[in-house]
Number of protein chains: 4
Amino acid sequence: MVLQHLVATNTEQSASYGFDTWSEQARQKIRLACHCPEADIFFLVGGTQANATVIDAMLPSYAAVIAAETAHINVHESGAIEASGHKVVTMPSHDGRIDARELDAYLKVFYADETWPHMAVPKMVYITFPTELGTLYQAHDIADIFDVCRKYDMTLYIDGARLGYGLASPACDFDMPWLARHCDVFYIGGTKVGALCGEAVVFPRHNAPDNFFTTVKRHGALLAKSRLAGVQFNALFTDDLYLKIAKHAIDKAMQLRQLFIDAGISIKDSPTNQQFVVLTSEQRQRLQQHVLFETWQPLTDDTALYRFVTSWATSDIDMTALTKAINCL
Amino acid sequence: MVLQHLVATNTEQSASYGFDTWSEQARQKIRLACHCPEADIFFLVGGTQANATVIDAMLPSYAAVIAAETAHINVHESGAIEASGHKVVTMPSHDGRIDARELDAYLKVFYADETWPHMAVPKMVYITFPTELGTLYQAHDIADIFDVCRKYDMTLYIDGARLGYGLASPACDFDMPWLARHCDVFYIGGTKVGALCGEAVVFPRHNAPDNFFTTVKRHGALLAKSRLAGVQFNALFTDDLYLKIAKHAIDKAMQLRQLFIDAGISIKDSPTNQQFVVLTSEQRQRLQQHVLFETWQPLTDDTALYRFVTSWATSDIDMTALTKAINCL
Amino acid sequence: MVLQHLVATNTEQSASYGFDTWSEQARQKIRLACHCPEADIFFLVGGTQANATVIDAMLPSYAAVIAAETAHINVHESGAIEASGHKVVTMPSHDGRIDARELDAYLKVFYADETWPHMAVPKMVYITFPTELGTLYQAHDIADIFDVCRKYDMTLYIDGARLGYGLASPACDFDMPWLARHCDVFYIGGTKVGALCGEAVVFPRHNAPDNFFTTVKRHGALLAKSRLAGVQFNALFTDDLYLKIAKHAIDKAMQLRQLFIDAGISIKDSPTNQQFVVLTSEQRQRLQQHVLFETWQPLTDDTALYRFVTSWATSDIDMTALTKAINCL
Amino acid sequence: MVLQHLVATNTEQSASYGFDTWSEQARQKIRLACHCPEADIFFLVGGTQANATVIDAMLPSYAAVIAAETAHINVHESGAIEASGHKVVTMPSHDGRIDARELDAYLKVFYADETWPHMAVPKMVYITFPTELGTLYQAHDIADIFDVCRKYDMTLYIDGARLGYGLASPACDFDMPWLARHCDVFYIGGTKVGALCGEAVVFPRHNAPDNFFTTVKRHGALLAKSRLAGVQFNALFTDDLYLKIAKHAIDKAMQLRQLFIDAGISIKDSPTNQQFVVLTSEQRQRLQQHVLFETWQPLTDDTALYRFVTSWATSDIDMTALTKAINCL
């Protein structure tokens, strides 16, 4: 559905570099969805690119960004943040989350140490929602972190690569407008929620850094044919498609949970579209013949944690296949 | 046509990060088209991104890249090359081209100056084909530049953002396999030759730098859903579509040239799909009501040079409109 | 004399990283000499280091610095400015100087071009005083450049590696307090004016960027035993030693000029301690047996321009040797 | 003594940028002391600068350096390593040391994870000798780490900011030639062992990276008047002054240990010139009136760990003062 719009628009001439009509319409719809009429919105291609560009743009050159040890920017971005000169300072991960009180305590100790000017100065906090481990922050968690950020003159950046799956989860106690009010910048992930590519970076209060467009270009992140992103986000933010897609994936994830629970197989508590299941190597081998999943973490000699991910594309046929496969274990 | 493949493949599950089947097929077809069975090929999203990634990967940190003053990397990439720490050292532009003898002379003087270790050391030459001004290098020009590169231990990188339009021009005296043999790395531009996005970086002799994949990721240039590029390049390199598209644009450009010449309007000699026309401000105003073009360079108080660009999408209807508009001047 | 202070202080314990008593005293004396009671002052070790640190600290990451083609940062710093991600955009050199009107015109054209956000945005102008060619700006030149900077929201940075020699020249029509009022930051060169090492970076109006100390550390530019610089600058700014040293070198340079002129040898008009003399290769060979100088630029097959530099250390004995050598030509 | 050489040489003319006679002599003496006749040796000004320059020069742009959590480059260099684009990947600290087996295990897991190309690739191991906590590696520890480095195609870099104090410790079971054979590059710290400034970077087997001089310049780390370092290192490596200075500090540290032990005050086991003492706040207040030391780490409400550092400058008078002060506790 998203793609059909791309084809339909292909023969039209259009402005480029983000000034096309579809991008402008998509921006308007996202502003409405966020209740942020003033928001500055930019469409980038991918998540690592969005992170590197936003962090570079918002930090002075000497500054560091604080993130959980498990954070995508710390583990799986090949040093893209350091590539623009910024240290990633890590905090303990609590199932993928950082804790506001620990953050506050860390900063108190940091500034109490008179050698702090010899250290990279933290000027941003980066969190992911949902986290890399499929967990969620509650509203009060984020509000508390945002308070600490303001106390220590830091910005709060929320990586929403899988934002839809977080907001659509029954365990989430806030919505997109609330999120937009409780951070300085976030991005709405398209790639992992039905788009071919594209992430919408939102500065909710017309607070994009000066010349952010130029920073985007400098990071090689400017799409010439920007309708590629614009058309997709326009579709995703029409009739709540974005949340419907996410909701579909969450529903399937909850069905999947139930299937494993009914079969007496241990599954971690997880409120989003990533589900982590404990399987023996024999169970793994049998299941692998029918469905796709990946090894997450070895547990014992014979058992390990495996990750099952549902998405907008997960169908009833997939679920039936899984049901049969589980029944044969 | 390219896009229809994207839609057709959308419901299939596919590997990501460049390992999908379409990308692999596209690579194989490009290897055939280049006569480079060993080539390492990577699909990136855009031109600035390709330039920044390739240059960063191939240069040691202290090294500079030599380019024409008019080079895209020097003028229109917002400092993306410097962003990864590399100086762009400029040579005079001869209608967009650098001259092999001037390059040789420059390097001779450079290394004769005993203070050269206090300067950024040139380790790469960057040229564009066609150039930013729509001009072409002849085979012997490139061969000579490549010789100078080998003499001074430098790599030669050819930016082919508009490569198709160069190869399809009647003024071009070589083909893609010849080009692949006369440089260390080049990219085949998709964005400007019919694709929604995508540039194919080719290391012709299995000479990609170590861990180039990681460098791509570090530059935020790795497409998660890599079939976006793979499907498009697969289509472009099936049945010579890439060159056919380019040939179409060149044919239209030559028609356009003739229209202006017949009308007695001055037009610069240009062998590719970019045509530069001298118009008075009155002529400009009249034409602008019917066709799109952009101001290139003021000439006198009343006249300026204007750029007309044809592409895969330029139709007979467009040409008819232009004909009528010119006749009314 | 400067060094004897270093030895005298060696057995004392002292605070480090710039907080030692000598550094504090030196800062106070420099504030007096500049009539800038509020100035922030930092001692760095060398010129390239000072340039890279100041430029990085004062520019946002996407921004460029404008400099003359002949500027030290463009030619002889091995890409140290680009190393922190900033493009050096060059303007024509007029004997080492940039011209305020050309600068204004350049910026007018820059911002008139609607593609400017695709370019590195100039946010600083860098000039050297004296220039790399030994020439000087007049007060109105600098005032005009400073006006253009304010018009286009740019900072003005003056590299004073040889500042003393400029201020001590009879051709200079301003003093250090005037200079401090007509730029945003400058440095007072110690290395080339009698110190073993050390450059004093001055932000005249308490306008050092936030956490500049941290940026200094991040550039590896923080001296642990900071009295090394403090003691030297303390001595240099006691009883006008800095200007006396410079005046001595200028006097010797003027004597040297006269010697060549009297001998009928062509010498470029130069108001500072760098003098450029036209010699035949035979003259060069004879002179080289007696005095040190370096080749600057070939002129014809047989003649070239040679640079003679006087300094605080140039003695009457040196001048006598030169006189004899010239008489033998 | 070191400084007197500086004064004595001040009126001589000398070559600069490392080519002066004193630097050349110092290099020759260091080669002898290391039994490395082929060593490439460069004198830099400070430790952070040496680390940033060496690591940048030896790593490809995409690569990371592995270090202990407590490593100076991770904690106290303001992000200088990240400033040139490199991630610091941390390993657990065992009293400041990393463990060869843990390192091996980490790398085994790293390369077993098929997503490793999405991570910064470790290409260097950085250790400090002595460590930041005053502890030492034994010969077999370093040999084992060096083996792991070769196994995984990484270089081993040893930061010897306090090298003398390590080699002079009775607990050290190797000497400088052994060290030079068991790493790829190390530096001999001058600043903390009697010099005003200066660190000698040693590539033991003529293995300096190409154009390392240019990298030094690019990092703002090139001393114009290089005899500043040359004269000092020449003195330090004449008649074993370097080790004598270090031995003196170690002797004083051992006396200091004994004083605290005799007074029944708890002191950590530490073999070098840094000694860590447990004091109550009352004890701290009394001692502070007589001697200088710094707070290291709070232990309980009333007690903390304090660091006492001896050096080449610690005199018998200092020790007498400390003895009296301790006796009054």
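Residues numbered from 1 in each chain as written. Chains lettered and ligands numbered in written order. Predicted model: local features only at pLDDT ≥ 70, side-chain atom pairs only at ≥ 80, totals over all residues. Heavy atoms only, no water.

Now for the pattern of salt bridges. Between side chains of opposite charge, a pair can form as their charged atoms come close. The tally for this structure, following the rule as stated, stands at 56 salt bridges over all chains. As a salt-bridge pair, Lys87(A) and Glu82(D) come within 2.6 Å of each other at their nearest N and O atoms. Of this pair, Lys87(A) sits in the loop between helix H5 (80-83) and strand S3 (88-91) while Glu82(D) sits in helix H5 (residues 80-83), which puts the two residues in different chains. Glu82(D) gets classed as buried once you look at its relative accessible area, which sits at 2%. For Asp153(A), the salt bridge identified is with Lys123(A), shortest N-O distance 3.1 Å. Of the two residues, Asp153(A) is situated in the loop between helix H7 (139-151) and strand S5 (155-160) and Lys123(A) in strand S4 (residues 121-128); the sequence distance between them amounts to 30 residues. Overlapping salt bridges, with partners in common, bring together Glu24(A), Arg27(A) and Arg31(A) in one network. (Salt bridge = Lys/Arg side-chain N within 4 Å of Asp/Glu carboxyl O. Helix = DSSP H or I, 4+ residues; strand = E, 2+ residues; numbered from the N terminus. Buried < 20%, exposed > 50% of the residue type's maximum accessible area, 1.4 Å probe, protein only.)

Next up on the list: the packing of helix H12 (residues 241-262) of chain A against helix H14 (residues 316-327) of chain A. Residue and element names in this part refer to chain A. At a minimum axis distance of 10 Å, the contact between H12 and H14 shows a crossing angle of 10 degrees. Looking at the two axes, H12 sits roughly parallel to H14. Here Lys252, Gln255, Leu256, Leu259 and Phe260 of H12 lie close against H14, whose contacting residues are Asp316, Met319, Leu322, Thr323 and Ile326. Looking at the contact of H12 with H14 residue by residue, the classes come out as six nonpolar, two polar and two charged. (Axes fitted to C-alpha atoms, helices over the stretch in contact; angles between N-to-C directions. Parallel < 35°, antiparallel > 145°, perpendicular 65-115°, else oblique. Contact = heavy atoms within 4.5 Å. Nonpolar A, V, L, I, M, F, W, Y, C, P; charged D, E, K, R; others polar.)

Across the boundary between the two partners, chain C contributes 19 residues, which contact 19 residues of chain B. In total, chain C and chain B occlude about 1,300 Å² of area from one another, counting both sides; carbon and sulfur atoms represent 46% of this. Counting the surface chain C buries against chain B, the share from its top three residues, Ser78(C), Glu82(C) and Lys87(C), is 41%. At the boundary of chain C and chain B, one finds two salt bridges. Taken together, the links from chain C to chain B amount to 14 residue pairs in polar contact (both at pLDDT 80 or more). Those elements that place two or more of their residues in the side of chain C that touches chain B are helix H4 (72-75) and helix H5 (80-83) of chain C. Top element by residues in the side of chain C that touches chain B is H4(C). It accounts for three residues. (Buried area = accessible area lost by both parts, 1.4 Å probe. Polar contact = N/O pair within 3.5 Å; in protein donor to acceptor, adjacent residues only side chain to side chain.)

We now examine the side chain of Gln232(D). Among the secondary structure elements, Gln232(D) is positioned in helix H11 (residues 227-236). A distance of 2.6 Å separates a polar side-chain atom of Gln232(D) from the backbone nitrogen of Leu196(D).

All names here are of chain D. Residue position: arginine 27 is located in helix H2 (residues 21-34). Of note is the side chain of arginine 27, whose polar atom sits 2.5 Å from the backbone oxygen of glycine 18. The contact partners of arginine 27, leaving out residues within four places of it in the chain, are Gly18, Ile41 and Phe43.

Before going further, it helps to spend a moment on the relation of the copies chain C and chain B. Rotating chain C by 180 degrees about the axis while translating it 0.0 Å along that axis superimposes it on chain B, leaving an RMSD of 0.0 Å. The two molecules are tied by a two-fold rotation axis, judged by turn and shift. Of the interface residues in chain C, 100% have counterparts in chain B that sit at the interface too, so the contact is made through matching surfaces. (Least-squares fit on C-alpha atoms with pLDDT ≥ 70 in both.)

All names here are of chain D. Taken together, the three strands give an open sheet; going across it, the order is S8-S10-S9, and neighbouring strands pair in antiparallel fashion. Unpaired on one side and paired on the other, strand S8 (274-280) and strand S9 (294-298) mark the two borders of the sheet. Pairwise comparison of adjacent strand axes, ignoring direction, gives a mean angle of 35 degrees for this sheet. Inspection of the sheet shows S9 paired to strand S10 (residues 303-309) by four bridges, in the antiparallel sense. Note on S10: the bridge partner recorded for glutamine 297 is leucine 305. The strands touched by helix H12 (residues 241-262) within the sheet are S8 and S10, with S8 carrying the most contacts at an inclination of about 20 degrees. Those strands touched by helix H13 (residues 281-288) are S8 and S10, and its axis lies near 120 degrees from that of S8. (Pairing = 2+ DSSP bridges.)

Residue position: Phe110(C) is located in helix H6 (residues 100-112). In this structure Phe110(C) touches Trp116(C), Met119(C), Ala120(C), Val121(C) and Pro122(C), once residues within four positions along its chain are discounted.

Attention shifts here to the confidence of the model for chain A. The predicted structure's coordinates, where accompanied by low pLDDT, should not be read in detail. Considering every residue of chain A, the mean pLDDT works out to 93; 96% of them sit at 70 or more. Reported confidence for the predicted complex is 0.93 by ipTM and 0.95 by pTM. (pLDDT = per-residue confidence, 0-100.)

Moving on: the interface of chain B and chain A. In this assembly, 32 residues from chain B lie in contact with 32 residues from chain A. Summed over both sides, the interface of chain B with chain A buries roughly 2,700 Å², with 62% coming from carbon and sulfur. In this assembly, chain B and chain A are joined by zero salt bridges. At the boundary of chain B with chain A, the tally comes to eight residue pairs in polar contact (both at pLDDT 80 or more). Partitioning the side of chain B that touches chain A into residue classes produces 14 nonpolar, twelve polar and six charged.

Residues and elements named next belong to chain A. The seven strands lie next to each other as S1-S7-S6-S5-S4-S2-S3, forming an open sheet whose pairing is mixed. Among the strands making up the open sheet, the edge pair consists of strand S1 (40-44) and S3. Averaged over all adjacent pairs, the angle separating strand axes in this sheet is 25 degrees, with direction ignored. In terms of strand pairing, S1 meets strand S7 (residues 199-203) through five bridges, oriented antiparallel. Within S7, the residue paired with phenylalanine 42 across the bridge is valine 201. In the packing of helix H3 (residues 47-58) onto the sheet, the strands contacted are S1, strand S2 (63-68), S4, S5, strand S6 (185-189) and S7, and the crossing angle to S5 comes to about 170 degrees.

Below, the discussion takes up the relation of the copies chain B and chain A. Each copy of the sequence occupies a distinct position, and chain B is placed on chain A by a rotation of 180 degrees and an axial shift of 0.1 Å, giving an RMSD of 0.1 Å. Take the interface residues of chain B: 100% of them recur as interface residues in chain A, which is what a same-surface contact looks like.

All names here are of chain D. Between the first and last C-alpha of helix H6 (residues 100-112) there are 18 Å, a value that for 13 residues agrees with the 18 Å anticipated at 1.5 Å per step. Listed as buried for H6 are Ala100, Leu103, Leu107 and Phe110. Along the axis of H6, the buried positions cluster into a sector of 85 degrees, meaning they face one direction only. The exposed set on the far side of H6, more than 90 degrees from its buried face, consists of Arg101, Lys108, Val109 and Ala112. (Expected span 1.5 Å × (residues − 1). Arc of directions from axis to C-beta.)

Before going further, it helps to spend a moment on unusual backbone geometry. One can expect most non-glycine residues to show negative phi and most peptide bonds to be in trans. Between Phe129(B) and the following residue, Pro130(B), the backbone shows a cis peptide bond with an omega angle of -10 degrees. Tracing the backbone shows Pro130(B) in the loop between strand S4 (121-128) and helix H7 (139-151). The backbone of Asn211(C) shows a phi angle near 55 degrees, a positive value even though the residue is not glycine. Position of Asn211(C) relative to the elements: it lies in the loop between strand S7 (199-203) and helix H10 (212-218).

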